[in-house]
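Overview (structure and organization)
So you can see what is in the structure, the chains are spelled out below.
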Amino acid sequence: MKVSMKLLVVGVALMSAILGGCEKKEHNHHQNSHTDNLVLLGTSYTDEGSMKISLYSTDSLYSRYTNLFIEVRDSATDAVIEDAEITIMPMMEMPTMMHSAPFEDPNSTSAVNGLFPCAVVFQMPGDMGWSLTVNAHEHVNGGMGEVTFPLMVKNPAPTRTRVVTPINDPASRLVISYVQPLNPKVGINDFEITLHSRETMLSWPGIENYTVEIEPEMPSMGHGSPNNVNPTYTADGHYKGQVNFTMTGLWRINLNIMDGSTVVDSTAYFEVTLQ
Amino acid sequence: MKALAYGIFFTLIALSAVSQEQDSVLFFNKGNITETVFDVEEILVRPTCACVGECSCAMEADDNYSENRFSCTDAILAKNGRIELMKRGNFAFEPVMNGMASVRLNLTIDGMQIFGACTDKMDPVTSYVEPNNMKSVSVQHGSSGSMFGSSLGGSVNMETNGATINPNKPISGEVGVGFQSASLGANALFSLNYSRERWAIRANGVYRNFQNYRAGGGKEIQFTQFEKWNGAVSAKYMPTDKDVIRFDFIMDEGYNIGYAALPMDVLFAKAKIYGLTYRHYPSQTWFEKFEMKVYANTVTHSMDDTKRPNVIMHMDMPGWTKTFGGYADGRLKFEKHKITLRLDGYHTNARAEMTMYPNNEAPMFMLTWPDVDKLNFGLFVKDEIKFNTIRSLSYSLRLDYLNTSVIDEFGVQQAAVFNQDVSEADHRMLKNANISYMEVLGKGFSGWLTAGFAERAPSTTEQYAFYIFNAYDGFDYIGYQDVKTEKAVQADLGFQYESKRFQARATGFYYHIYDYILGGIDSTLDAMTIGANGVKVSRNLSWAYMTGGNIELSYSPLKVLTLSNNSSYTYGNTFEGAPLPLVPPFKNVSSINWSHKKGFVQLECEAAANQPRINPEFGEMNTPAYAVLNIRASYFFPFGKKRLTLNGGIENLLDNNYRSHLDWGGIARTGINCYLNVSFTF
């Protein structure tokens with residue numbers, strides 16, 4: 001009886017150890033999985049507030065509309081903090097001047113899978129000069145602080161953001177950036193761009209309620225595609241529509257951007273290649 | 001065991017069995033219309049066989065027979081007064097019957113469905129059966145041809161020779177060569193039949209090699225060359241006197257085929273056709289014949305622009321079709337009724353691709369036929385009632401179920417760009433009905449009247465074409481899956497008179513077509529092809545009609561002399577009064593034939609009126625009238641039962657520069673052409 005009791009105790013202990021081990025393993029796995037397909041751009045401790053902040057993206061950085069993901073951890077326990085107010089500020093420092101860039105702060109204080117998604121339009125490339133300052137106020141311990149990541153932004157091929165001088169306002173600048181389709185296919189594709197204007201060097205707000213017309217064409221053939229849906233304003237300078245491709249190959253999506261009936265720009269285009 | 005060993009070979013012969021086809025041969029040749037089907041015409045490429053059923057016949061030299069074997073199948077078809085040929089190069093012309101092209105016809109080989117793999121119709125089915133492999137062509141107009149499938153214009157079924165079981169003549173065959181001057185063309189052909197008591201095997205082959213031809217006036221027409229070979233093996237085995245098993249294989253390969261009227265040529269066109277037939281002649285008097293067949297075929301086609309000058313961008317355009325199917329039919333006889341029942345089915349897949357290669361850019365790829373599967377089941381019933389020697393009536397019904405689906409998701413996505421959802425299968429029921437009455441009106445004088453209703457499903461191109469360029473009107477074509485089934489109410493009328501020296505035959509037809517399928521310009525769409533005029537999308541015209549007829553006259557003032565004349569006319573209009581495109585003008589062929597026991601001389605004049613009734617939206621040009629003179633002669637030298645035949649002639653004797661209205665691209669036809677064929681039959 002005693003023996004069997006002992007065995008039972010040992011058995012239960014073993015079982016719980018095994019189960020516990022399994023659970024822990026799964027938990028760890030779960031913790032990492034949300035960054036598995038992302039590229040880590042940097043990790044740094046905040047100046048104050050005891051946070052360790054990591055910056056991720058889906059790829060290394062190019063001058064284009066870029067989704068960024070911010071992870072906040074308690075610097076003491078390394079626990080992921082999922083409730084925080086995050087703001088970001090991209091900055092380009094050049095020898096003679098500095099300017100910011102269009103950006104989108106995380107739109108919620110709750111993390112999505114442990115990450116705070118945000119976006120920046122890097123309107124020009126730069127091996128040095130670009131930085132992103134992340135300001136965090138976490139709601140678990142109440143810590144506040146910020147961190148700055150130096151960034152390297154490469155020039156993508158094909159071009160994915162264009163800075164043009166508006167016909168109707170030569171003093172300003174219009175930033176047109178390609179958002180999707182990222183994997184264009186023959187058929188109907190969601191098409192999305194962003195429009196931002198330069199108010200000041202440090203302020204690049206999204207533009208509301210412009211009219212955007214698109215006209216896809218195959219430059220080497222001279223033909224287009226039918227039934228495209230012109231992008232319309234959704235939020236934060238985003239315009240969504242549909243672009244249709246009838247075959248693989250190189251397509252050029254010509255843009256005509258208007259403020260009401262006033263043409264703002266009709267020179268910009270984006271090229272996509274369907275394999 | 002022996003039977004098993006021979007089991008892959010086959011054949012025939014129940015002398016008592018009277019096959020339908022032979023009946024119709026009799027009808028046409030002897031005017032014995034009370035015997036059978038007045039709606040079947042046979043174009044004889046062989047002399048009439050004296051026996052009926054599947055017995056063997058001596059190969060008597062018919063007037064045109066030897067020459068026919070050097071001709072192309074399409075040229076033989078065109079001898080029918082209601083068939084014209086649409087020409088795009090110098091190879092494989094597309095048959096047009098009653099003013100309707102192949103899309104409205106049902107073209108079969110031994111009852112087998114075969115679908116061309118070329119989106120530009122460069123490979124009509126008629127190119128796969130060479131004349132030295134052709135026993136007969138059965139041409140049926142309108143819905144009376146529905147035994148072989150649903151169609152509007154009618155059906156053309158080419159029956160291949162097959163092996164002949166004739167133990168009295170174990171080995172027979174023919175070898176021959178021919179040359180012609182206009183295109184420095186050479187033809188070579190052979191056939192060989194080997195027969196034993198219960199089985200026989202036949203092989204035949206043709207090789208043709210033609211350079212560019214010279215049109216009237218001597219101008220060389222670029223891109224009209226071609227090279228092809230065709231081989232066929234047929235085997236028959238007769239395990240009993242009442243059972244026949246037959247296997248057929250045809251292989252056809254064409255290379256470097258020029259298509260002067262199109263922007264591209266053909267690199268190669270290949271077809272493989274397999275058929276296995278079982279035929280049974282039951283002992284019961286009411287059950288004449290039972291036949292079952294399974295078949296399969298593949299067609300591969302590849303276009304080529306590498307030899308053309310000024311090609312802006314190289315492109316590849318391969319196409320494939322794969323078809324398999326089968327049928328079972330039975331022929332019953334009850335007193336005055338002769339009943340044919342047939343159940344058939346086929347599955348076919350068509351896929352065509354287009355890839356363009358711009359410099360330093362990714363290739364541009366699309367599916368011009370988006371991998372389309374068609375599954376069709378058909379039921380056919382025909383009852384021929386012979387009331388007496390004067391009157392007879394026949395009626396037939398056909399019902400088809402057709403399921404069409406796009407199986408490549410790429411194709412579904414492509415079509416979505418044109419706001420078409422082709423992800424769901426397209427189902428159609430097709431109904432065909434026909435009733436014919438005929439009566440002997442007097443001595444040697446008979447008449448017949450046929451009324452029918454026909455439906456045809458849209459073709460793969462009409463439903464799913466994706467930027468298929470039509471060089472005739474210069475438009476890119478886009479299909480429309482939901483295009484309505486085309487329907488027609490039809491009437492055919494005919495009279496025939498025959499006396500010892502005089503034969504006359506007149507036929508007329510009127511087809512009222514509802515939901516006529518024709519591409520319509522969609523000005524909102526951009527053409528894809530560089531230089532194209534725009535885009536046309538399949539649509540239904542409310543209605544259209546075709547009417548026409550032909551008159552055949554033949555008079556023999558002397559036993560050795562025959563004068564004959566064949567004229568035909570077709571007229572087609574849309575409901576808006578606009579002419580239908582590609583309708584042949586009035587055409588007349590007259591000939592004087594002097595025949596002798598061992599040969600003949602023939603002078604022929606082929607003439608067509610101009611065709612001012614054109615459809616400018618289809619890019620049609622007014623075609624001027626023309627007339628050409630041909631002279632032909634034949635003579636044979638007997639060597640016992642073997643014979644050496646020479647035939648030759650001069651076509652377009654006056655070297656006229658002319659074109660037929662149906663020819664694409666305004667390209668002139670062959671100028672003066674001398675030909676000589678030598679063949680040895682044994």
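Cut-offs applied
Residues numbered from 1 in each chain as written. Chains lettered and ligands numbered in written order. Predicted model: local features only at pLDDT ≥ 70, side-chain atom pairs only at ≥ 80, totals over all residues. Heavy atoms only, no water. Helix = DSSP H or I, 4+ residues; strand = E, 2+ residues; numbered from the N terminus. Buried < 20%, exposed > 50% of the residue type's maximum accessible area, 1.4 Å probe, protein only. Contact = heavy atoms within 4.5 Å. Areas by Shrake-Rupley, 256 points an atom, 1.4 Å probe, with all protein chains shown as cover. Patch = residues over 30% accessible without salt bridge, like charges linked within 9 Å, V, L, I, M, F, W, Y side chains within 5 Å. Salt bridge = Lys/Arg side-chain N within 4 Å of Asp/Glu carboxyl O. Lys, Arg positive; Asp, Glu negative; His and termini not counted. Charge placed at Lys NZ, Arg CZ, Asp CG, Glu CD. Pairing = 2+ DSSP bridges. pLDDT = per-residue confidence, 0-100. Polar contact = N/O pair within 3.5 Å; in protein donor to acceptor, adjacent residues only side chain to side chain.

Here's the deal with the overall build of chain B
Helices and strands together make up the secondary structure of chain B, namely six helices and 31 strands. Expressed as a percentage of the 682 residues in chain B, the buried residues total 60%. The long-range fraction of contacts in chain B, counting pairs at least 24 apart against all pairs at least 6 apart in sequence, stands at 66%. For chain B, the accessible surface area stands at approximately 26300 Å², while carbon and sulfur atoms represent 61% of it.

Observations regarding a positive patch on the surface
A contiguous patch of positive charge on the surface is contributed by K500(B), R501(B), K559(B), K597(B) and K598(B). Inspection of the secondary structure assignment puts R501(B) in the loop between β23 (486-498) and β24 (502-521).

Quick word on the environment of A668(B)
Looking at where A668(B) falls in the secondary structure, it is placed in the loop between β30 (642-651) and β31 (673-681). Residues A668(B) and G216(B), 452 residues apart in the sequence, show an inter-C-alpha distance of 7.5 Å.

Some words on the pairing of strand β1 (residues 39-45) of chain A
Residue and element names in this part refer to chain A. Pairing geometry for β1 and strand β2 (residues 51-57), over six bridges, is antiparallel. Across the sheet, residue S44 finds its bridge partner in β2, namely I53. The antiparallel hairpin formed by β1 and β2 contains five residues in its connecting segment, where G49 sits at a positive phi of about 85°.

Overview of the sheet that holds strand β3 (residues 65-74) of chain A
The strands making up a sheet are joined through hydrogen bonds of the backbone, oriented either antiparallel or parallel. Taken together, the five strands give an open sheet; going across it, the order is β1-β2-β3-β7-β6 (chain A), and neighbouring strands pair in antiparallel fashion. In the strand order of this sheet, the two ends are held by β1 and β6 (103-104) of chain A, each with one partner.

Quick word on the confidence of the model for chain B
Detailed reading of predicted coordinates is not advised where the pLDDT is low. Summary statistics for chain B give a mean pLDDT of 85 and a share of 89% for residues scoring 70 or more. Of the regions scoring below 50 in pLDDT, residues 1-64 of chain B engages in 178 contacts with residues more than four places distant in sequence or in other chains.

Re helix α5 (residues 409-416) of chain B
Those residues of α5(B) not exposed but buried are G411(B), V412(B), Q414(B), A415(B) and A416(B). Its buried side turned inward, α5(B) meets β12 (187-197) of chain A together with β17 (364-386), β18 (391-406) and β21 (466-470) of chain B. At the N-terminal end of α5(B), a side-chain oxygen is found 2.8 Å from the backbone nitrogen of F410(B), two or three residues along, and the residue is D408(B).

Remarks on the interface of chain B and chain A
Across the contact, 23 residues belong to chain B and 21 residues belong to chain A. Summed over the shared surface of chain B and chain A, the number is zero salt bridges. Scanning the region where chain B abuts chain A turns up eight residue pairs in polar contact (both at pLDDT 80 or more). For the side of chain B that touches chain A, the elements supplying multiple residues, two or more each, are β17, α5 and β21 of chain B.

Notes on the pairing of strand β9 (residues 144-153) of chain A
All names here are of chain A. Of the two faces of β9, the one holding G145, V147, F149, L151 and V153 is buried and the one holding M144, E146, T148, P150 and M152 is not buried anywhere. Relative to β9, strand β8 (residues 126-138) is paired through nine bridges, and the arrangement is antiparallel. Following the sheet pairing, G126 is matched in β9 by V153. Where β8 hands over to β9, the hairpin turn is made up of five residues, of which G142 adopts a positive phi near 85°.

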